[in-house]
Amino acid sequence: YLPKFHEFLKTTHFLLIALLFYYLGQGQSNTYRYELSLNDSTQVLSGVAKHTFVNTSKGSLSSLMMHLPSRALEYKGSFLQGQLQQFQKADAHFAKPYELGWIEINDLEVNSFMVEPCVDCEFVEIPLEEPLAPLDSIRVSFSFELKMGSTEFNGVGYDGSVYRIADWLPIFSTVDSSGFHNYPLTFYRDVHTSYNRYKVSLELPADMMVATNTQLLDEEELAIIDSLDNILLAKMPKSTELKKLHFEHSGSNLQFFISRDFHVFKMKNGGHLYFSGDEPFHALQVNEVNEQIDQYFKSELGIDKEHDFDLLLLKDKNSEYQSDHLLTLDVPDDLFKFSAELCHARAEQIFRYKMNVDGFKSPWLARGIPYFYKYNFVNEYFPEKKWLPLSNSFIGKFFGLDQFDYAFQNQFFYLYLARQNFDQKMSTSADSLSRLNYEAIAQAKTYLALGHLRGYTSLSTFKRSMRRYMLEYSRNPNAENLRKSFTYYCNRDVDWFFKTWINTNEVYEYRLVEADHCPTVSTATVVNKGTLVLPFSLTGFKDGKPVLTEWHDGHTGKKSVQMHHDEYDKVVLNYPGIVPEYNQKNNTYYDRLLFQRFEPLRLQFYYSFEDPNKSQLYWTPTVNFNAYDKVLLGVSLDNSSIVQKPFEYVIGPEYSTGTGKLTGYASTLYNLTTRKSRLFHQIRLGVFARYYHYDRDLAYTRISPTLKFYFKKPYATSPVIQSLRLRMVHLDRELPPDFDEPQNGLNTSSYSVFNITHQYENTSILSPFSIVSDFYLGDEFSRISLEGDFRRMLWNKKWLIWRNYIGVFLVNTFADNGVNGNYYSLGLSGTQDFMFDYNLYGRSETSGIWSQQFFVTDGGFKSQTGVLSDRWMFSTNLTVPIWSIFGVFADVAALDDGSKLYYDAGIRIALVTDFLEIYFPLVNQDTNFLTQKEYYTSIRFVLDIDQGNIIERVRRGYY
């Protein structure tokens, strides 16, 4: 009996310790008491708060910090307001106070000591009369009024039907052993709070229903809900009375969704489904979907319906919040989306909100792990599901979209940034992640990295480790405790993941150079092409099917490793590609005489994503136009996918219908990511060539070798983009037979110009600016210029643009020899484009519509002046938006001897700012345009369809 008694003592001992820690934890929780009243006519939530704060830090506190989440929208200086502007979202900045909502704090009292709270702040500092010792508590009380604003900014407020009070009430800042952490509200709602106890009373109209993550205590209200959930599409009975409800909760967040339009439906798990509208589709199928997800989590984590929940479907949820009990989803479009998003929400419930992960410091843990389970669920239960629409149709197969499963988007997002050296570490905190990196790193790379860990440790070990992490460390979930969970079960070293992988953005890349089969042994030779020494797998294929996958520890340099002995058709490294590897195009070795390391060639229409199993050559029919070649019909052949490649090329032959000649373009480009450099994040070396006609029956050939340096941002979320370009442009252009060569033999038919351009751009949406400096050096001239473009967004969300330009010739042999107004001169009304940089459809036209196209360069005048400068030019240009697309412009300039002041003014229509604009000049220094005949010939327009310029504009706010 002694062994059994010993086991009993051990079990009792552990239970006593667990109970002790539980009650100590409960005793050290903050207690929040809210007495709330909702005024439906004013959309104001009034309240009295009586909170008890417990000092759980190691030191005494001289003040308390209270977080007012609603101020994140109300206060213009908040982190969220800055983040929205960084993401190119200006609506919240210009919104009215009633649209943003507001909060007023009154009668703030700390142990009978009155405090005057700040007005323009997200965090209120509450001074204490005496320091608060560790584990001591203090009482804080106040009243408040909370105006519910619009839900369009971050999904909280009043949407016209539902009051969404999601983690929106005043609460103490997060505190731990080191003290307070003022985590601001973020775009993805990464605010982290301590584990607390809540008691809430809520007065509201009697015909409203409440969906909440708390426990409803009123038996009468519970009975009404129970009676309604048996009647499809039933609502609360209409009433003009008020009711008071009472709630309790222990957890990390507090959420109430209130509406008189809610229907309620009892789910088999015991929870309720809340939804509005008249479509019962989801209500009828939620049980089927939920049972499938129950089965999945039971297989993955051993959970047997332990995690009950209520579910709320919202129209335009417009935010990322979930909770420990109430799950909220957008009204889904189809059953698949419903299944995937519900699985994701339940994974967040398990791994974030019940475990209370610090999602601000470790978004990869808080967001990434649930994200992993979502995509793993899709892979298991919807294996045929593809990423993009129409993938399984004829159109999808024609474009090659059927090659990419649903989870491939994670590989794409990660590689899209990593190949440009914009990716960040998985361990980056939420306030330091750029918008696209939040998707590509905190979620997508984490999914891939966990897939890497799952493959290496084995499926059963991964499942047991994650279950242990969920059960043993629910009150202290962090990366170290996740590591402990894996080392408990795994007999292989996992420090490569927890100490290396999550803390670096260095490159993981292996290359399979050979697979050899001898009578007694099968081997593979693998080269580490990256900088990280991480595990890799080798899979042998026979008759097109994988035979066996084996994992090997990482190494540097080249190494031959043994494989399971067999004759393979091919060997694949890191199959099936669910790892964040930099390049998977060199992971296959075929058992054949020739081209063992080349994937099958796929001639693919248009563009697609990088397929590691194919050598892709893209072909795209093209239609182009200029005034001299007329319609250009051609085809583009290139290897460029949407994700940048180290080496890219394009060949584009085109047939000119205007001349009957073959024209076109070609380029090669080498992209070097400089991860070790402190100055540059990427260097691009390319050669660009093209041959077209620039005048009737006159062709030009342009060849331009270019070296471009992209400077590293000061920090990942910085709005600053900076580059330095060095290039040599060589032009050969045919001249008409009657062309008079300039005196002294100065030549403009064949010339080379060296150019250095430095560009500094701040992309802040409210006040963006760019400063571009240029240096040109040719045989007959050299000049420098500086252009500053400064913008300010006005109340109508349009930019006031103030541009300044100065250009100075250092050498001008033409002018020195009396040839003024020459080919290289500065243009008051825009560049003569001797570098052939701009897409001018009629660059030699002097009349007709194409003569009216221009770009805002050099002097930047919007009227056509024909004035050129051979010494220096200074101009200032102003455009002011008035209403919608309409505005006005004015330009002023001086040049050469400065004896004359030039100016013009008129009306501007900006259909797409910088890309499609129309200018109607009214007056300049010499002319009243309205009195001229054929006024329409004075109208000018900007038309820029350069793909690079468009991409640069669209990418703002993402990375």
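The structure reproduced in this document is the subject of the present report. Because the structure is predicted, anything quoted here is derived from the model rather than measured.

**Some thoughts on the sheet that holds strand β1 (residues 30-39)**
Taken in spatial order, the eight strands line up as β5-β4-β7-β2-β1-β13-β16-β15 in an open sheet, and their pairing is mixed. Each edge of the open sheet carries a strand with a single partner, namely β5 (113-115) and β15 (215-216).

**Side note on the packing of helix α12 (residues 435-457) against helix α13 (residues 459-472)**
Packing of α12 against α13 brings their axes to within 6 Å, and their N-to-C directions diverge by 120°. By the criterion of interaxial angle, the relationship of α12 to α13 is oblique. Every pair of crossing elements has a handedness; the one defined by α12 and α13 is right-handed. Contact with α12, carried on its side by Leu 450, Leu 453, Arg 454 and Thr 457, involves Leu 459, Thr 461, Phe 462 and Lys 463 of α13 and no other residues of that element. Of the residues that constitute the contact of α12 with α13, the class distribution is four nonpolar, two polar and two charged.

**Side note on empty space enclosed by the protein**
Tallied over the entire structure, the rule returns four cavities of 30 Å³ or more. What the largest cavity holds in volume is close to 300 Å³. Around the largest cavity, the lining is made up of 22 residues, and of these Asp 167, Val 191, Thr 193, Ser 252 and Asn 253 lie nearest the centre. Across the lining of the largest cavity, the residue classes break down as 12 nonpolar, seven polar and three charged. Of the pockets and cavities examined, the second largest cavity occupies roughly 130 Å³. Every residue lining the second largest cavity is counted, 17 residues in all, and those nearest its centre are Gln 86, Lys 713, Ser 718, Thr 763 and Gly 957. Residues of the lining of the second largest cavity, tallied by class, amount to five nonpolar, nine polar and three charged.

**Side note on the packing of helix α9 (residues 363-381) against α13**
With their axes 14 Å apart at the nearest point, α9 and α13 run at an angle of 140° to one another. Taken as axis vectors, α9 and α13 run oblique relative to one another. Once α9 is placed against α13, the crossing between them reads as left-handed. Of α13, the residues touching α9 (which contributes Leu 365, Ile 369, Phe 372 and Tyr 373) are Phe 462, Met 466 and Tyr 469. Each residue belonging to the contact of α9 with α13 can be placed in one class, and the counts come to seven nonpolar, no polar and no charged.

**Thoughts on the nonpolar core**
A general tendency of soluble globular proteins is for nonpolar side chains to be buried together. Membership of the largest hydrophobic core comes to 96 residues, with the highest contact counts inside it found for Leu 311, Tyr 373 and Phe 497. Among the elements that take part in this core, α9 stands out by supplying 10 residues, more than any other. Of all hydrophobic cores here, the second largest spans 73 residues; its members include Val 175, Val 210, Met 236 and Phe 247.

**Thoughts on the sheet that holds strand β3 (residues 61-67)**
Across the sheet, three strands lie side by side as β6-β3-β10; this open sheet has antiparallel pairing. The open sheet terminates on both sides in strands that have one partner only, identified here as β6 (123-132) and β10 (171-172). Direction of pairing for β3 relative to β6: antiparallel, over a ladder of six bridges. Across the sheet, Ser 63 pairs through a bridge with Pro 127, a residue of β6.

Definitions and limits used
Residues numbered from 1 in each chain as written. Predicted model: local features only at pLDDT ≥ 70, side-chain atom pairs only at ≥ 80, totals over all residues. Heavy atoms only, no water. Pairing = 2+ DSSP bridges. Helix = DSSP H or I, 4+ residues; strand = E, 2+ residues; numbered from the N terminus. Axes fitted to C-alpha atoms, helices over the stretch in contact; angles between N-to-C directions. Parallel < 35°, antiparallel > 145°, perpendicular 65-115°, else oblique. Left-handed = near helix turned anticlockwise from the far one by under 90°. Contact = heavy atoms within 4.5 Å. Nonpolar A, V, L, I, M, F, W, Y, C, P; charged D, E, K, R; others polar. 1 Å grid on protein atoms, 1.4 Å probe; cavity = no way out; pocket = protein on both sides within 12 Å on 5 of 7 lines; lining within 4 Å. Points joined across faces, edges and corners; volume = space filled by probe spheres on them. Core = buried A, V, L, I, M, F, W, Y, C linked by side-chain atoms within 4.5 Å. Buried < 20%, exposed > 50% of the residue type's maximum accessible area, 1.4 Å probe, protein only.

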